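As a plain string of letters, each chain reads:
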Amino acid sequence: MKNNYIQIEEVRLYRLRMNLKHPFSTSFGTLTEKEFFIIEIIDDQKTIGYGESVAFISPWYTDETVTTVEHMMEVFLIPLLFQHPFQHPREVAKRFQVVKGNPMAKSALEGAYWDLYAKRFNQPLWELIGGVRTEVEVGVSIGIQPSITTLLKKIEHYLQEGYKRIKLKIKPGYDIDVLKEVRKVFPQIPIMVDANSAYSLKDIETLKKLDTFHLLMIEQPFGEREFLEHAELQKQLHTPICLDESIRTIDDLKLATKLGSGKIFNIKIGRIGGLSEAIEMHQFSKENRIPLWCGGMLESGVGRAMNIALASLEQFRYPGDISASNRYWDTDIIEPEINHHEGKIAVNKNPGIGYTISFRDMEKHIVEKKRFKNPNL
Ligand SMILES: O=C(O)CCC(=O)c1ccccc1C(=O)O
Ligand SMILES: [Mg+2]
């Protein structure tokens, strides 16, 4: 049935640089701006799909960067997209398997293809992938602050905005004392912490103290390959460990579950290579009753819209790091901007990701544009 095939005619890459509204500090350092690609792909019926790359300018979170993403897309992945038509977005990830690694580069293009496919068939993305809820619970991730006073003010501010779950970044020396102060002022609110790999097993006595703060979970205390060390820690902790950086493929998820390296998993579409892989991980997690939640990468509205669609799947059991546009940007590049109400974001009922690109706002941030036409047409 030849007419089931979708031919990609053109891919456009827009490299954007946008200032974050507030600097964001983790155990690794401080981000004041985000550089990323918005991908536009166009098919034979002139349907347009949008995707976003999530890699940062330096490889502090995982090994990819904005520039490696560009290279991989340009030299390997876009030519693969052009090679033959596709019938379904799942086939994109399959075709990309000939390229090792580089999940963020793959995910950016695959995401644009999912959006295009959903639009072509006039269906909202969340519905297409089997989402079961029309609003998703969200929280806010607060970076390391220069003082306890500013941290307490920030928490207060986000609670007043209606967020119901607070994630705090921690690192050695900015952990137990900080949590003591936070719990004095906010004894009851749902709190979790994220270390972005800043600890090692020799910090076990400090980490055990985290149990006293009734945290929802402790995210990624150790290095990304330290499945055994995480399992050892989990044995000595009541608080569930959540893995983020460690989970790159479904096999990592299986390994972590088998070893007991964590009880909850953070899914980020970019880190794992795309929405198709995320849907597979979700299926496995559902069958094995493993709770998931959707992580964030300080995305613009395009990536955020994909995250909302993903978080509408059944097994996403905890609030995601999917805050409103105004938590990150003065002005987002989509319309309407993403808003939450009492810690919930409604899924968008329009086709695809549901939001439209505001070219007027996007223009202001473009630092580079590239166009690739399908040479096989
Ligand atoms: O609000 C967001 O987009 C997520 C914030 C966050 O915690 C984060 C932001 C950038 C890189 C890594 C992480 C993380 O979850 O580890
Ligand atoms: Mg994390």
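Residues numbered from 1 in each chain as written. Chains lettered and ligands numbered in written order. Predicted model: local features only at pLDDT ≥ 70, side-chain atom pairs only at ≥ 80, totals over all residues. Heavy atoms only, no water.

Let's talk about the overall build of the chain
Right, so step 1: Broken down by element type, the chain carries 13 helices and 15 strands.
Right, so step 2: Across its three principal axes, the chain shows a C-alpha extent of roughly 65 × 45 × 35 Å.
Right, so step 3: When the 377 residues of the chain are sorted by exposure, 61% land in the buried category.
Right, so step 4: Considering only contacts within the chain whose residues lie at least 6 apart along the sequence, 72% involve residues at least 24 apart.
Right, so step 5: Split by element, the accessible area of the chain, about 15,500 Å² in all, is 51% carbon and sulfur. (Helix = DSSP H or I, 4+ residues; strand = E, 2+ residues; numbered from the N terminus. Buried < 20%, exposed > 50% of the residue type's maximum accessible area, 1.4 Å probe, protein only. Contact = heavy atoms within 4.5 Å. Areas by Shrake-Rupley, 256 points an atom, 1.4 Å probe, with all protein chains shown as cover.)

Looking at the UniProt feature "binding site: Mg(2+)" (unreviewed entry) in the chain
Right, so step 1: The feature "binding site: Mg(2+)" (unreviewed entry), as given by UniProt, occupies Asp194, Glu219 and Asp244 in the numbering adopted here. Spatially, the listed residues are clustered: although they cover 51 residues, their C-alpha atoms lie within 9.1 Å of one another.
Right, so step 2: Topologically, aspartate 194 is positioned in strand 7 (residues 191–194).
Right, so step 3: Given the relative accessible area of 1%, aspartate 194 is considered buried.
Right, so step 4: For aspartate 194, the residues in contact, after removing those within four places along its chain, are Lys167, Leu168, Lys169, Ile170, Glu219, Gln220 and Asp244. (UniProt positions renumbered as here; feature names shortened; annotations may be inferred.)

So, the UniProt feature "domain: Mandelate racemase/muconate lactonizing enzyme C-terminal" (unreviewed entry) in the chain
Right, so step 1: Per the UniProt record, "domain: Mandelate racemase/muconate lactonizing enzyme C-terminal" (unreviewed entry) is found at residues 148–240.
Right, so step 2: Between the end C-alpha atoms of residues 148–240 the distance is 25 Å, and the span holds 42% helix and 11% strand.

Quick notes on the coordination of the magnesium ion (ligand 2)
Right, so step 1: Taken together, Asp194 (OD), Glu219 (OE) and Asp244 (OD) make up the protein donors of the magnesium ion (ligand 2), found 2.1 to 2.3 Å from the metal.
Right, so step 2: Considered as a linear motif, the donors of the magnesium ion (ligand 2) on their single chain read D-x24-E-x24-D. Taken as a pair, aspartate 194 in strand 7 and aspartate 244 in the loop between strand 9 (241–243) and helix 9 (250–259) lie far apart in primary sequence, 50 residues in all. (Donors = N, O, S within 2.8 Å, 3.2 Å for Na, K, Ca; no water.)

Thoughts on the nonpolar core
Right, so step 1: Grouped together as the largest cluster of nonpolar side chains are 124 residues, with contacts concentrated most on Val11, Ile39, Met73 and Leu168.
Right, so step 2: A per-element tally of this core places helix 3 (residues 103–120) first, with 10 residues.
Right, so step 3: Of the residues that make up this core, three or more belong to each of domain 1 (2–122 + 362–373) and domain 2 (127–356).
Right, so step 4: Isoleucine 39 has contacts with Val11, Arg12, Leu13, Gly49, Tyr50, Gly51, Ser53, Met73, Ala108, Leu109 and Ala112, leaving out every residue within four places of it along the chain.
Right, so step 5: Formed by five residues, the second largest nonpolar core is a distinct cluster that contains Met217, Cys242, Ile264 and Trp293. (Core = buried A, V, L, I, M, F, W, Y, C linked by side-chain atoms within 4.5 Å. Domains from an automatic or database assignment.)

Concerning the sheet that holds strand 9
Right, so step 1: As summarised here, the arrangement of the seven strands in space is 5-6-7-8-9-10-11, forming an open sheet in which the pairing is parallel. Two strands in the sheet have a free side with no partner beyond their single neighbour: strand 5 (140–142) and strand 11 (292–294).
Right, so step 2: Here two bridges tie strand 8 (residues 218–219) to strand 9, and the two strands are oriented parallel to one another. Across the sheet, residue glutamate 219 finds its bridge partner in strand 9, namely cysteine 242. (Pairing = 2+ DSSP bridges.)

A closer look at the domain arrangement of the chain
Right, so step 1: We note that the domain assignment places domain 1 (2–122 + 362–373) and domain 2 (127–356) within the chain.
Right, so step 2: A straight line from the C-alpha centre of domain 1 to that of domain 2 covers 23 Å.
Right, so step 3: The interface is formed by 42 residues belonging to domain 1 together with 46 residues belonging to domain 2.
Right, so step 4: It is Lys21, Phe24 and Tyr61 in domain 1 that bury the most area against domain 2; as a group they hold 20% of the surface buried on that side.
Right, so step 5: For the interface between domain 1 and domain 2, the tally reads one salt bridge.
Right, so step 6: Among the salt bridges present, the one from aspartate 63 reaches arginine 248, with a minimum N-O distance of 3.3 Å.
Right, so step 7: Summed over the shared surface of domain 1 and domain 2, the number is 16 residue pairs in polar contact (both at pLDDT 80 or more). (Buried area = accessible area lost by both parts, 1.4 Å probe. Salt bridge = Lys/Arg side-chain N within 4 Å of Asp/Glu carboxyl O. Polar contact = N/O pair within 3.5 Å; in protein donor to acceptor, adjacent residues only side chain to side chain.)

A look at the pattern of salt bridges
Right, so step 1: One pass over the full model with this rule turns up 32 salt bridges.
Right, so step 2: With its nearest N and O atoms 3.1 Å apart, the salt bridge here joins lysine 364 to aspartate 361.
Right, so step 3: Among the residues examined, aspartate 361 registers a relative accessible area of 7% and is labelled buried.
Right, so step 4: One salt-bridge network, in which partners are shared between bridges, spans Arg15, Arg17, Glu35, Glu70, Glu74, Glu368 and Lys370.

Here we look at the site of ligand 1
Right, so step 1: Close to ligand 1 lie 17 residues; Lys169, Asp194, Asn196, Leu298 and Tyr328 are nearest.
Right, so step 2: Look at ligand 1: alone it shows 390 Å² of surface, and the protein chains cover 100% of it.
Right, so step 3: For the shell around ligand 1, a count of residues per class yields seven nonpolar, three polar and seven charged.
Right, so step 4: Looking at the shell around ligand 1, you find at least three residues from each of domain 1 (2–122 + 362–373) and domain 2 (127–356). (Near = heavy atom within 4 Å. Nonpolar A, V, L, I, M, F, W, Y, C, P; charged D, E, K, R; others polar.)

A few points about the environment of arginine 183
Right, so step 1: Within the secondary structure, arginine 183 is located in helix 6 (residues 176–185).
Right, so step 2: Spatially, the C-alpha atoms of arginine 183 and proline 221 are 20 Å apart, while their sequence positions differ by 38 residues.
Right, so step 3: If near-sequence neighbours (up to four positions away) are discounted, arginine 183 is found in contact with Gln188, Ile189, Ile191, Phe213 and His214.
Right, so step 4: Among the polar contacts listed, one links the side chain of arginine 183 to the backbone oxygen of phenylalanine 186, at a separation of 2.9 Å.
Right, so step 5: Among the polar contacts made by the side chain of arginine 183, one reaches the main-chain carbonyl oxygen of histidine 214 at a distance of 3.3 Å.

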